[in-house]
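Next come the chains, spelled out residue by residue.
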Amino acid sequence: MTIGATSDVPLATSPGGPFPPGVEEKYLEAGGVTFRYLQGGPSRTGPMTGVPLLFLHGYPTWAEVWLPLAQILGARHPWIAPDLPCHHRTSLLPGKRSITAYREAMLAFFDSLPFDQVAVVGSSIGGTLAIMMALDRPEEVSRIVLMDAAGLTRKVPGRVIRLYVPFLAYAAVQPPSASAVQSLLRKAVFYDERYADEGWVQTIVEEWAPPERRKAYVATGFALRRPDASVASYLEHIAVPTLVLWGREDPQFLWGEGEAAARNIPTSQFAVLSGCGHFPMVEQPQEAAGLMTDFFEKIDED
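Per chain, residues are indexed from 1 in the order of the written sequence. Under the rules for a predicted model, residues below a pLDDT of 70 receive no local features and side-chain atom pairs below 80 are neither given nor counted, while totals for whole chains, interfaces and linings still include all residues. Side-chain calculation: all heavy atoms of the structure are included, whereas hydrogens and water are not.

The rule for pairing is simple: two strands pair if DSSP sees at least two bridges between them. In this description a helix means any DSSP run of H or I spanning at least four residues, a strand means any run of E spanning at least two, and both kinds are numbered starting from the N terminus. Spatial ordering of the open sheet is given by β1-β2-β4-β3-β5-β6-β7-β8, a layout of eight strands whose pairing is mixed. Single-partner strands in this sheet number two, and they are β1 (24-30) and β8 (268-273). Going from strand to strand, the sheet's axes swing by 20° on average, the running direction of each strand aside. Two elements, strand β5 (residues 118-123) and strand β6 (residues 141-147), share six bridges in a ladder whose sense is parallel. Across the sheet, residue Ala119 finds its bridge partner in β6, namely Arg143. Sheet contacts for helix α2 (residues 99-111): β1, β2 (33-40), β3 (53-56), β4 (79-82), β5 and β6; angle to β2, the most-contacted strand, approximately 50°. Think of each axis as a best-fit line through the C-alpha atoms, taken over the contacting stretch in the case of a helix, with angles from 0 to 180 degrees between the N-to-C directions. Whether two residues are in contact is decided by their heavy atoms: any pair within 4.5 Å suffices.

Take a look at the structure:
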């Protein structure tokens, strides 16, 4: 991603360019899905002193959104970032595109990982799935980090529906245009509109062009309105340490909603990042990495 000569953005977060040194692209089969994922972390000769990290991106993006954050934390932490089912280069879900189906597929992926314990870091729908993993695999998930997570309220806020439904209704009939994608990114995702750049716009346009892939994206978007997409009633049952991070200017899920949800999680901390929209790992990777490192170190000390 390029945001001009004065930009301090460390790495591109749209696909297509070369991977940073030490980052590999891999594939595996799990739960009837062919997963594409990125993997990185300390070199084989360096110390792996940190807990392994599993990054779960939001809708409708890809594993590369984590690269700036992963490159910072990867000095100590081995990490894996998959494309979710129906996203980018991971194959479609074999059946219905419900959040329950996503949950089952991601558990199959999780069970294929070579780690005894991991910290799951989830953004938006990835945050919903992180909570589900903590509930379903309490012995293997040692902690979770939620970034502007979806599903923390009993119903999808009306503002989210107003932002997305017109886009999804149009996409159900024909591929969205570059101008429609850019408008959605500026209104619903980024605080700094320069992040809605050509790389992001063109990637989404290309992703939504094939009819079957576009159908899957539309179905996933509407699935977020169904009851199984909410984890609000399960927050008090999360037994692992939890860090809730929020962009203060998130136009989809207000930071106050994140703070309220954090109060219902028994062992949680809450932090808000100013000048940041829906994707802190893209707009504020340094700040997010610092908060996560402090959180991990405090757990390790205890």
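From this point, the discussion proceeds with the structure in view.
With that settled, consider empty space enclosed by the protein. Grid spacing is 1 Å over the protein atoms alone, the probe is 1.4 Å, and a cavity is where that probe fits but cannot get out, while a pocket is an open set with protein on both sides within 12 Å along at least five of seven lines and lining residues have an atom within 4 Å of a point. Grid points are joined across faces, edges and corners, and a volume is the space filled by probe spheres set on the points. According to the stated counting rule, one finds two cavities of 30 Å³ or more in the structure shown. In this model, the largest cavity occupies a volume close to 70 Å³. Around the largest cavity sit 13 residues that line it, and Pro60, Leu184, Leu185, Val189 and Ile204 are the ones nearest its centre. At the level of elements, α4 (158-171), α5 (178-188) and α6 (198-207) are the ones that each hand at least two residues to the lining of the largest cavity. Examining the composition of the lining of the largest cavity, we find that three residues originate from one element, α5, more than from any other. Side-chain classes follow a simple rule in which Ala, Val, Leu, Ile, Met, Phe, Trp, Tyr, Cys and Pro form the nonpolar group, Asp, Glu, Lys and Arg form the charged group, and the remainder, Gly included, forms the polar group. Split into classes, the residues belonging to the lining of the largest cavity amount to 12 nonpolar, one polar and no charged. The calculated volume of the second largest cavity comes to roughly 50 Å³.

Here the focus is the nonpolar core. Within soluble globular proteins, side chains that are nonpolar tend to cluster in buried spots. Only buried Ala, Val, Leu, Ile, Met, Phe, Trp, Tyr and Cys residues count toward a nonpolar core, and they belong to the same one when joined by side-chain atoms within 4.5 Å. Three labels apply to residues, based on accessible area from a 1.4 Å probe with only protein chains included: buried if under 20% of the type maximum, exposed if over 50%, partly exposed otherwise in between. Of all hydrophobic cores here, the largest spans 102 residues; its most connected members are Phe55, Leu69, Val120, Met147 and Met292. Among the elements that make up this core, the one with the highest residue count is α2 (nine residues). Look past the residues within four positions of Val120 in its chain and what remains in contact with it is Leu54, Leu56, Phe110, Ala130, Met133, Val141, Arg143, Ile144 and Val145.

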